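Each chain, letter by letter, is given below.
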Amino acid sequence: MKFKALMLGAVASFAFAPAAFAQRGADGHVNVIYWQAPSILNPYLSGGTKDLEASSLIIEPLGRYDQTGALVPYLATEIPTVANGGVSADLKTITWKLKPGLLWADGTPLTSADVVFTAEYCMHPEGGCAQAAKFEGVDKVEAIDPTTVKVTFKEAKPNPYGPFMGAQAPIIQKAQFAECLGAKAPECTTANFGPIGTGPFKVTEFRPNDVISLEANPNFRDPAKPAFATMTLKGGGDAAAAGRSVLETGEFDLAWNLQLAPDVLANMAKGGKGEARSGFGSLVERIMVNQYSADPSLPEGERSTAKHPHPFLSDVNVRKALSLAIDRPLLVEVGYGQAGRPTCDLVPAPAIYVSGRTECQTQDLAAANKLLDDAGYVRGADGVRAKGDVRLKILFQTSTNAVRQDFQALIKQWWEEIGFEVELRNVSASVFFGGDPGSPDTFQKFYADVQMYANNFDGTDPEAYMAAQTCDKIPRPESQWQGENIARICIPEYDALVAELGKTGDINARAEIVKKLNNMITNDSHMIIPLVDRGRVTGVAKTLGGFTLNTWDSELWNAADWYRIK
Amino acid sequence: MTDAAASSPPRSQWHDIWVQFKSHRGALVGAVVFLAIVITVFLGPLVWTADPTFVNIRARNKPPSFEYPFGTDQLGRDMLARMMAGGRVSISVGLTAMSLAITLGSTVGLLAGYFRSLDWPLMRLTEIFQSLPLLPLLLVMVTLFREPLAASFGPERGTFILIVGAIGVTSWMATARIVRGSVLALKEREFVLAARSIGTDDFKMILRHILPNVVSPIMVSATLGIAAAIITESALSFLGLGFPPDFPTWGRLLYDAVDYMQQYPARVIWPGVAISLTVLSVNYLGDGLRDALDPRIRGR
Amino acid sequence: MLTFIIRRLFLAIPTLLVISLIIFLLLELAPGDPMAQVPLTVPPEVKEKMRLALGLGEPLHIRYIKWVWQFFVVEPSVLIDWLTRESALFGWLPDTTLYDGQLRVLSWQTRSPVMDIVVQRLPQTMWVVGMGYLFGVMIALPIGIYSAYRQYSIFDQVGTFISMVGFSVPTFFTGVLLIVIFSVELGWFPSIYDTTLVVNSWDSFMMQVRQMVMPVTVLALFNAAQISRFMRSSMLDNLTQDYVRTARAKGLSERAVVLGHVLRNSMIPVVTVIALGVPQVFGGAIITEQVFKVNGLGQLLIGAIEANDLPMVQTLTFIFALLIVVFNLIADVLYGIIDPRIRYD
């Protein structure tokens, strides 16, 4: 292949270099495969993970999250905090200091004007910026001097690390994007496909939805990095093919997000060319229990709305029985292996926020049966329980995905054992997760009794994530079925506690509130039934050194430190 | 010519066809194999009573044994029971959807080829159907028809009708074009002119003289159509259009097994062989039928 | 014949406009949302703003008219400018500047002109899918002819077996099987197609051949299976006709009878099938391209459908519609050449 020739050439020409990773470009070529191909390299125009991660090789934020979730400065000299005076005592301003002498890949200096411009670009009302949430509550962003930027928020912001932190909010060059503000953003194809950045690599060719060719940035701030002279980021195919190309054939060095059955992955790893590594973040596979009735006989526009509470799932004992019947460790063993952990929490990390309740991890069919018996649901001749006219018949939907279909089959059987009748449905992911108000199959409309999917939160602060489950965020016809409170949870005390969280600055007090909120909707009320804390699995070739799996930021966050193991 | 046999009274035409069919070894083997498959998948569950959706988590990924003759899958479900249940769906969907597509396609093709005035509108209609993107079309059909069909025919039969309809409506166009092409050439032949000169009306002309002469391309379309329908059915389940996700079909069993191909090759072989065997047997059956129906060959 | 072609081409314009409208409405009606691939962590208000920025706030008919204008006026002017400025064929013509910076058809995924990506994808689709089709036809015709001529011989039986298995086993299985055997176990061919490979030397040519072997084989087998069946059955129909007996009686050589008379008369269904298949070549082979990571037009279409990138799906589908109409016309013209008795007036 072409890259092998390149690699051999590079190895030959640098054969006399004293230390392989002490010199920029000394290690030749590296191949990365993403089975979802990046479409654009401007993260402000696309929220897609694949696009964010690819662009993180080229453009960088002021600070990133490391593999432990801690904040590390990138373009900034240090992370501003209340302690070092970077964040004001009233939590209303944050002041960033840029590293001195930073250069863009084209050789021009990076100044605070670029940072201010980045905020202006994303906050433009007509731009449709995908990361607008990161700049939520920002009053103004000003350049104090060429290396100092001050962000002022409208209200006290306990977590001021929204703007310019993490893969979602990198700094773009003012000179390149000045003409691309607002509605003109999509016209700047050259800039969107080849942003000039400060990262370890720069784009030589971008083929949308196919492949990106990159080379080392000659002006990268560390003169010894990156060790690789060139990189290819190929996209497309499926997870199995990506895994095969790293673990079995050795054509590629890194394969992103290998969501495969554990025994398939284990078998591939026998190829000996690489290993599968996993790391855990905040992604939780969960079952949402509909608090409202989705009965098809109801008139359109009233299904899954407050007009009709669910006939039996509004009963906490029924929900608890559903949760008790599930054998979470077995689900992990079947579906995720090393890349999953059973969990009872919606917030599985960072450690400070974790409630630590584990009682749901033991399956107890007898207890589930007893709960239903006590609640007055008696088994009929066909084994299905009923109370009066209310039969325990549920429709269980999820998106199309091999692991989810296996989970559905397993859970269906357990629920049938405790006297439910279960019908399964799967919906194509592009319809299920799309918000088309005209489709009956979106997860927001929730025309089913229970549904399963996974979600996580950005960065390390779960405030917005918890605040998504308040009463006013329930999807309903009046809101075009938009809203994040999918399970239709409406607990006044919960909403009050969320408001309190928004006013609390102390990290330990915040953690206590988050734990309480978490338990209110999971362990105590079972409106959300968490199943698996899902890790990320990455295939890494044995010859690729320096890769550290990071679930809190872009997976390619430390590409500058990668090197070839010889 | 084509109806030469009909004009010889002593023996019935159907008897001749049967004699010819019997002497066609491939056709007989095809018929026997096809019947055997049909009997196994439809009556087999009476003998082998295992539940195809029963999860036995302690018996995952078992090789073939006395307890599980075809082994088990990644959730410990009995593969033999799943193959039989899957075969029922795949064969029913394959045959029905194919028949629908072939009927639609042949009718459009015959009408367009024979009646000059219908040619333009029908062929433009065919072009429109050929141009429509398949996946969005199927998604629209689900959105529009799933609930009404489920309401009037019950969930299972509703799904079946939807799937068969979706496959049939999206796969008749090639047959229509092929049949039309052959009819265009046929209707200029001498025997058609001769038949017309003795006053044969259009309906009889199509049925007696044109149709029998385009049977063989239709037969080929039909055999290929079964294979295509079985595979398309498995693709539909990814759109959420197919049967419930725990319900096996041959196409889906094959698709699900591809990731496990290296560890458990048997799991791709069973559905793969079943689909191929069905299509092969139908193909030979079709060959024999065509030879038997063709009076020119029958005489030999 | 010429007036027929001109009339058909003229009538194709309203047909194509109707097709484009039907496709547009169908895509509008289909469930789906361009925000499906945006992570759930992005709040709904932000997604709503992104939708508006894509132009989804405008009414249906405005969006359709915009697309028609962009596709039929803006895109051709870009093409003509390029032809007169850079192409080898028309570069001698005076440079034109028809394109005045109006918005082109923009993809929602990449925010870039759809046609640029289509042009970028054409080479790999032509190489892989086109070759697969070409080889398929080249294998299918002789196999079909000989199978029919020696009906029920060993050759025929083996050919039937292989082609039926080849057609009934889907490419998502055969493709992965080939990869497991030839890439993983034997290491002969790369499992991932390199679209950036530039063929400029013997080595790079061999590289290109090696990466094309598996996808082309899979496609050729699949196409050959189908076409050879039609060729065989059509030959069988004609071999028993009276004119064949007449030709033989006249003392024509067997070769002249079979290849001259029978083959020509058997071509009508085969020409139809081959002409039907050509637009599908441009449409790419969705599954095969995915399995081998060829990333051609098929992968572009399926990716756009999954991401609900309506301008991209609309444009690609319409280009295929255009090809379908053209190749149906070509088939009709060929009928007239094969069998002069066929007339369309």
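Residues numbered from 1 in each chain as written. Chains lettered and ligands numbered in written order. Predicted model: local features only at pLDDT ≥ 70, side-chain atom pairs only at ≥ 80, totals over all residues. Heavy atoms only, no water.

### Overview of the interface of chain B and chain C
Contact residues are listed per partner, giving 59 residues for chain B and 61 residues for chain C. For the interface between chain B and chain C, the tally reads 4 salt bridges. Residue R180 of chain B pairs with D332 of chain C through a salt bridge whose shortest N-O separation is 2.9 Å. Scanning the region where chain B abuts chain C turns up 10 residue pairs in polar contact (both at pLDDT 80 or more). Only α4 (116–131), α5 (134–153), α7 (173–186), α10 (215–238), α11 (250–257), α12 (266–293) and α13 (295–298) of chain B provide two or more residues apiece to the side of chain B that touches chain C. Here the element with the most residues in the side of chain B that touches chain C is α12 of chain B; it accounts for 10 residues. Among the residues forming the side of chain B that touches chain C, the class breakdown is 31 nonpolar, 14 polar and 14 charged. (Contact = heavy atoms within 4.5 Å. Salt bridge = Lys/Arg side-chain N within 4 Å of Asp/Glu carboxyl O. Polar contact = N/O pair within 3.5 Å; in protein donor to acceptor, adjacent residues only side chain to side chain. Helix = DSSP H or I, 4+ residues; strand = E, 2+ residues; numbered from the N terminus. Nonpolar A, V, L, I, M, F, W, Y, C, P; charged D, E, K, R; others polar.)

### Examining the nonpolar core
Judged by nonpolar contacts, the single largest core of 147 residues is most densely connected at I210 and W250 of chain B together with F173, I227, M235 and L316 of chain C. In terms of domain composition, this core takes at least three residues from each of domain 1 (38–107) and domain 2 (119–338) of chain C. If you look at the next biggest cluster of nonpolar residues, it comprises 68 residues, including L41, V151, F177 and W552 of chain A. (Core = buried A, V, L, I, M, F, W, Y, C linked by side-chain atoms within 4.5 Å. Buried < 20%, exposed > 50% of the residue type's maximum accessible area, 1.4 Å probe, protein only. Domains from an automatic or database assignment.)

### Structural notes on the packing of helix α1 (residues 2–29) of chain C against helix α3 (residues 60–85) of chain C
Residues and elements named next belong to chain C. Across the interface, α1 lies against α3 with an axial gap of 11 Å and an inter-helix angle of 135°. As judged from the angle between their axes, α1 and α3 are oblique. The handedness of the crossing between α1 and α3 comes out as right-handed. Mapping the contact onto sequence places L17, S20, L21, F24, L25 and E28 in α1 and L60, R63, Y64, W67 and F72 in α3. Partitioning the contact of α1 with α3 into residue classes produces 8 nonpolar, 1 polar and 2 charged. (Axes fitted to C-alpha atoms, helices over the stretch in contact; angles between N-to-C directions. Parallel < 35°, antiparallel > 145°, perpendicular 65-115°, else oblique. Left-handed = near helix turned anticlockwise from the far one by under 90°.)

### Examining the interface of chain B and chain A
Chain B puts 25 residues into the contact, and the matching count from chain A is 31 residues. Summing both partners gives a buried area of about 2,300 Å² for chain B against chain A, and 50% of it is carried by carbon and sulfur. Put simply, chain B and chain A have 3 salt bridges between them. K412 of chain A is the salt-bridge partner of D246 of chain B, the closest N and O atoms lying 2.8 Å from each other. (Buried area = accessible area lost by both parts, 1.4 Å probe.)

### Considerations on the side chain of T148 of chain A
Residue and element names in this part refer to chain A. Here T148 lies in strand β6 (residues 148–153). There is a polar contact of 3.1 Å between the side chain of T148 and the side chain of K97. Contacts of T148, omitting those with residues within four sequence positions, involve T95, W96, K97, S112, E142 and A143.

### Looking at the sheet that holds strand β14 (residues 385–387) of chain A
Spatially, β13-β14-β15 (chain A) is the arrangement adopted by the 3 strands of the open sheet, whose pairing is antiparallel. Single-partner strands in this sheet number two, and they are β13 (378–379) and β15 (390–391) of chain A. (Pairing = 2+ DSSP bridges.)

### Remarks on unusual backbone geometry
Residues and elements named next belong to chain A. Cis geometry is found at the peptide bond from K225 to P226, where omega equals -5°. If you trace the backbone, P226 turns up in the loop between β8 (211–216) and β9 (230–235). Residue P350 is reached from A349 by a cis peptide bond, and omega for that bond is -10°. With respect to the helices, strands and loops of the structure, P350 is situated in the loop between β12 (340–342) and α10 (365–374). Phi at L91 is positive, roughly 60°, even though this residue is not glycine. If you trace the backbone, L91 turns up in the loop between β3 (71–73) and β4 (93–97).

### Focus: the sheet that holds β4 of chain A
All names here are of chain A. Taken together, 3 strands build an open sheet; the order of strands is β4-β6-β5 and the sheet is antiparallel. Because the sheet does not close on itself, it has two edges, and the strands there are β4 and β5 (138–145). Geometrically, the sheet is characterised by an average inter-axis angle of 15° between neighbouring strands, direction not taken into account. Judged from the 6 bridges that link them, β5 and β6 form a sheet pairing that is antiparallel. Bridging from a neighbouring strand, D145 pairs with T148 of β6. With respect to the sheet, helix α3 (residues 112–123) is in contact with β5 and β6, its orientation differing from that of β5 by roughly 165°.

### As for the pairing of β8 of chain A
Residues and elements named next belong to chain A. Within β8, 5 of the 6 residues are buried, leaving the element largely enclosed by the surrounding structure. Pairing of strand β7 (residues 201–207) with β8, which is carried by 6 bridges, proceeds in the antiparallel orientation. Residue pairing across strands places R207 opposite V211, the latter belonging to β8. As defined by bridge partners, β8 adjoins β9 across 5 bridges and the pair is classed as antiparallel. Directly across from S213, in β9, lies its bridge partner T232.

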